[in-house]
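An overview of the molecular structure
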Amino acid sequence: MTQKTKHTSDFRPLDVQAIRGDFPIFADTPPLAFLDSAASTQTPRPVVEAMDAYYDTYRSNIHRGVYRISEEATDQYEKARQKVAQLINAPRTSQVVFTRNTTESINLVAYSWGSLNIQQGDEIVLTDLEHHSNLVPWQLLAQRTGATLRFLEITDEGLLDFTQLRDVLSPKTKLVAITHVSNVLGTITPIQSIIDAAHTAGAKVIVDAAQSVPHFHVDVQQLDCDFLAFSGHKMCGPTGVGVLYGKSELLDDMPPFLGGGSMIRSVERDISTYADVPAKFEAGTPSIAEAIGLGAAVDYLTQAGLASIHVHEQELLKYAHERLQEIEGITIYGPAPHQKAGVISFDMEGIHPHDIAGILDTHNVAIRAGHHCAQPLMKKLDVIATARASFYLYNTLEDVDRLYEGLQKAQTLMTRRNK
Ligand code: C6P
């Protein structure tokens, strides 16, 4: 299927109460204040129902059965691929490869594209903001090939220091691997300018979109990125399914990542030929129910409207900044709300982030604490860990108030304990 239309604005205010009604986890009183969607989101009923329908009425393997329910499963799996392709405005559905998650998508590129294109002396440009998933695969590739990793640093505000780009990019740069949104600071990177500059330098670009595709429109044709990776479980979909988008000419040339069933054209004792993309990269039985669930999640987010989700998160983020700044001894990391997505990382004087999260949990407020799989960034910020609240379409201003009240209680408790 070829898809040419660009996204038009779908902004309309979110009916957050109606949305919350789709998530059984919020049915309790008082409801869970779930502020950890950057780690993994909650699942709405339509997504669970789509997976239930597969298990209850047409469970079977795909791409091989010649009977009705297998054809139905194949059809639904491929429809999910179409929905994902439309979401990111991929020119062709075949450019969407289903993987397990963002991590696997990036590793696929590092092994397959990397083995063909990276040699000793080549350079791979990363940034200080990268999640380990967009760092360790490139370290492994560099160790295998003798390539060098170079880093674009961040400013004190947690923005990428764009002035360094000219120095970091060179004719040796073969790849720029960059996050679209930092999972720690929420920073939205100037991805378009970086892609354009990388292409001018002759390099390819892979975008880690784990924290962007779920939250606002990402258009791969407009960006002109070479690869883009994201996970289903961060966008109301199930765990166990992720996406790699790639330009056709790159995917076509790349060798398989994993070998086995489903990815072949013909097999002889000593040699095989391979199926076309995306099958070439989907060896073995894939996560069928999960891909179908991801398709339902795409429908759900599209119906809510990604522009509306973004505006809603901005409102929550702005409010969270205002409220948290009222608390004495709090440090918020990262740029101003308008330069970031719905993530707020912070710490409080005299209280370890894990204690903050533990105390908030006793108030039914769920946040994440730790290094967020971004240890080099923690080092840069000169902290061991941060507390992090993150927002999604089902969060409310009351959730932010409960975060604020919980933090005040944490502070009172720890001040009393430390006396
Ligand atoms: N971040 C968090 O921040 P997987 O686990 O493969 O679905 O996603 C990995 C990943 C890659 N890039 C970015 C920017 C990410 O934020 C993540 C996942 C989670 O809480 C878990 S560490």
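Residues numbered from 1 in each chain as written. Predicted model: local features only at pLDDT ≥ 70, side-chain atom pairs only at ≥ 80, totals over all residues. Heavy atoms only, no water.

1. What to know about the environment of P353
- Along the chain, P353 turns up in helix α12 (residues 353-362).
- Given a relative accessible area of 7%, P353 falls into the buried group.
- When sequence neighbours within four positions are dropped, the list of residues in contact with P353 reads A369, A385, T386 and A387. (Helix = DSSP H or I, 4+ residues; strand = E, 2+ residues; numbered from the N terminus. Buried < 20%, exposed > 50% of the residue type's maximum accessible area, 1.4 Å probe, protein only. Contact = heavy atoms within 4.5 Å.)

2. Description of the site of the ligand
- Around the ligand lies a shell of 18 residues, among which T103, D208, Q211, S231 and R368 are the nearest.
- One of the side-chain N or O atoms of T103 is found 2.5 Å from an oxygen atom in the ligand.
- In isolation the ligand has 510 Å² of accessible area, and contact with the protein removes 90% of it.
- When grouped by side-chain class, the residues that make up the shell around the ligand number four nonpolar, ten polar and four charged.
- Split by domain, the residues of the shell around the ligand number at least three in each of domain 1 (2-37 + 305-418) and domain 2 (47-302). (Near = heavy atom within 4 Å. Polar contact = N/O pair within 3.5 Å; in protein donor to acceptor, adjacent residues only side chain to side chain. Areas by Shrake-Rupley, 256 points an atom, 1.4 Å probe, with all protein chains shown as cover. Nonpolar A, V, L, I, M, F, W, Y, C, P; charged D, E, K, R; others polar. Domains from an automatic or database assignment.)

3. So, the domain arrangement of the protein
- Along its sequence, the protein is carved into domain 1 (2-37 + 305-418) and domain 2 (47-302).
- One C-alpha centre belongs to domain 1, the other to domain 2, and the line joining them spans 27 Å.
- On the side of domain 2, 41 residues touch domain 1, which itself brings 40 residues to the contact.
- Summed over both sides, the interface of domain 1 with domain 2 buries roughly 3,300 Å², with 58% coming from carbon and sulfur. (Buried area = accessible area lost by both parts, 1.4 Å probe.)

4. A closer look at the sheet that holds strand β11 (residues 330-333)
- An order of β11-β12-β15-β14 is seen for the four strands of this open sheet, with the pairing classed as antiparallel. Taken across any chain shown, the strands that pair with only one partner, and hence form the sheet edges, are β11 and β14 (368-370). Each strand axis lies, on average, 30 degrees off the axis of its neighbour in the sheet, ignoring direction.
- When strand β12 (residues 343-348) meets strand β15 (residues 386-390), the two strands line up antiparallel, connected through four bridges. Across the sheet, residue V343 finds its bridge partner in β15, namely S390.
- Packed on one face of the sheet, helix α11 (residues 306-325) meets β11 and β12 and runs near 10 degrees to β12.
- On top of the sheet, α12 reaches β12, β14 and β15; it is set at about 160 degrees to β14, its chief contact. (Pairing = 2+ DSSP bridges. Axes fitted to C-alpha atoms, helices over the stretch in contact; angles between N-to-C directions.)

5. Structural notes on the nonpolar core
- Formed by 81 residues in total, the largest nonpolar core has its most connected members in I88, F98, V213, L228, F230, M235 and L393.
- No other element matches the eleven residues that helix α10 (residues 288-304) contributes to this core.
- Per-domain counts for this core show at least three residues from each of domain 1 (2-37 + 305-418) and domain 2 (47-302).
- With sequence-adjacent residues up to four places away left out, M235 is seen in contact with T41, L87, V213, P214, F230, L294, A297, V298, L301 and Y392.
- Residues L35, I330, A369 and A387 belong to the second largest nonpolar core, which totals 28 residues. (Core = buried A, V, L, I, M, F, W, Y, C linked by side-chain atoms within 4.5 Å.)

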